[in-house]
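One letter stands for each residue in the lines below.
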Amino acid sequence: MKKLEIKAQRKISKTQFILMGSMAVVGLIFLGWLMNNLTLVSWDFRNNLWSPVSLLVQGESPYNIQSLSPDGGAVWFPIVIGLFFPLGWISFSYASVLWLVLSVGLIIVLVIIAANGEKPRILPFSLGLLVIFLHPRVIAHLQLGQYTIFAVISFLLATYVFAKGKLFWTAFFVAIALAKPQLGFLIVPGIAIACFHRDGLKSAIKYISYLIVITVLFSIPLFIGYWNWIPDFFAALQQNPGWAQPSLLSILGSRLGAAGILIWLITAVIFSLINGWIWYRLPPTDAIYWSLALTPLVTPYIWSWDFVMIMPLFVRTLYEIRRIPSYAILLGGYAVSWWGMFQIIMQTNGDDQYFVWVSWTTFILILIALALEKMKGNRPSLIENFAEI
């Protein structure tokens, strides 16, 4: 009898392995086709990182990039320039390929981390990779050479070292993520609340102090390379065009004026309270998934490629659920959303504001899948943690 069970387990494992391999091959072929037919622009990487660091290592202002990119401006915060300034000694073509490889590698790391300390199961691991790599806004993220995936991994690492009581390294990883500070809209205060809850006000103040000090330390290469960079930094921020964004604030403000801004403000306060409650009551390694997913819904400044922030919760949910109806809701909804995004890209000029619905629908799909799983008798740890409160 035991031999038959072992044989069945091996058969299942072999089937899963074939399924994983098939999906991975199809996904890589499709991604390769997209990358080959859609020009790898690396626009954001060039303007916000490579041009600044290239100028910095030559002793010029990193935020006055018109000599290298006349049609662009640098708006990523100085910490990313201080961290990645060695890229300035590499040609743009090599640096952009390296950045793409690092980004792809970090996405794979993300899918592994989302297993929450367990050995990743083959099926959700494979589905997680496919879902992320085939997501139209993730593809845009990779094309543009965006930074958000680096920020997401840094935030996740911050909570894992925080859980081990290493406050300095928590602030270190948060600081790295804040090259795009709007991404920390809910997470920075969330970790401060977790510090306060675990070790008191002194710990929260220590965390904020570390964050400030580390940010200054990462800015030292800029002072060494070109000491008077700060005026150009603020000038670059002021000259950044006011494009329509897929944020609640941008959409409501442009359509309803002051009333729309007030609606966003009320929504932001409500979400901030929910976020604070999550960080106060849940383990930080669980809270971060919810906080990452909530950020695109309410942060005042966001782009559609930043929706990669919701992917950790999506993949974590793939690991948590077990039943076919839950998978059907989550993956079926994803397929419909994918088709909607594809139609926007093909049928319109692709303005980013048209994708405002993507993060909201994805978040709702996750909630429905987890709730359905609970109704069917399974208790995913994310739901279980809420139930214990």
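**Q** Is there a simple way to think about helix H6 (residues 136-144) in this case?
**A** Note that an α-helix has 3.6 residues per turn; residues three or four places apart therefore point the same way. With nine of its nine residues buried, H6 lies for the most part within the structure. Of all the residues in H6, the buried ones are Pro136, Arg137, Val138, Ile139, Ala140, His141, Leu142, Gln143 and Leu144. Downstream of H6 by one or two residues, glycine 145 has phi in the positive range, about 75°.

**Q** How should the nonpolar core be read in this particular structure?
**A** One recurring pattern in soluble globular proteins is that nonpolar side chains are buried together. Counting residues in hydrophobic clusters, the biggest one holds 111 residues, and the most contacted among them are Leu49, Tyr147, Phe155, Val174 and Tyr207. In terms of residue count, the dominant contributor to this core is helix H7 (residues 148-163) (ten residues). Contact partners of valine 174, with chain neighbours within four places excluded, come to Phe155, Ala158, Val188, Ile191, Tyr207 and Leu211.

**Q** What is the right way to read the packing of aromatic side chains from this model?
**A** How two aromatic rings sit relative to each other is set out by the distance from centre to centre and by the angle between their planes. Within the structure shown, the criterion is met by 28 aromatic pairs. Note on tryptophan 290 and phenylalanine 363: the rings are 6.2 Å apart at their centroids and 80° apart in plane angle, and the pair reads as edge-to-face. One end of the pair, tryptophan 290, is in helix H15 (residues 284-298); the other, phenylalanine 363, is in helix H18 (residues 356-375), and 73 residues separate them in sequence. For phenylalanine 363, a relative accessible area of 12% puts it in the buried group. Their ring planes at 90° and their centres at 5.9 Å tell us that tyrosine 301 and tryptophan 303 sit as a pair that is edge-to-face. The class for tyrosine 301 is partly exposed, based on a relative accessible area of 31%. Take tryptophan 303: its relative accessible area is 11%, and that puts it in the buried class. In this arrangement the basic side chain of arginine 137 is found over the ring face of phenylalanine 355, its NZ or CZ atom lying 4.1 Å from the centre. The ring of tyrosine 289 carries the charged tip of arginine 316 above its face, separated from the ring centre by 4.9 Å.

Rules of the game
Per-chain numbering applies: the sequence of each chain, read as written, is numbered from 1 onward. Reporting of local features is limited, given that this is a predicted model, to residues whose pLDDT is at least 70; pairs of side-chain atoms are given and counted only at 80 or more, and all residues count toward the totals for whole chains, interfaces and linings. With hydrogens and water excluded, all non-hydrogen atoms of the structure serve as input to the side-chain values. Only protein chains enter the calculation, and the probe is 1.4 Å; a residue is then buried if its accessible area is under 20% of its type maximum, exposed if over 50%, and partly exposed in between. Helical segments are the DSSP runs of H or I of at least four residues, strand segments are the runs of E of at least two, and each set is numbered from the N terminus. Throughout this description, the term nonpolar core refers to a set of buried Ala, Val, Leu, Ile, Met, Phe, Trp, Tyr and Cys residues connected via side-chain atoms within 4.5 Å. Residues are treated as being in contact if the distance between any of their heavy atoms lies within 4.5 Å. Ring geometry is summarised as follows: Phe, Tyr and Trp rings, the Trp one being its six-membered ring, pair when their centres sit within 6.5 Å, and such pairs are stacked at plane angles under 30 degrees, edge-to-face over 60 and tilted between the two. A ring is considered to have a charge above it if a Lys NZ or an Arg CZ atom is located within 6 Å of its centre and within 35 degrees of its normal.

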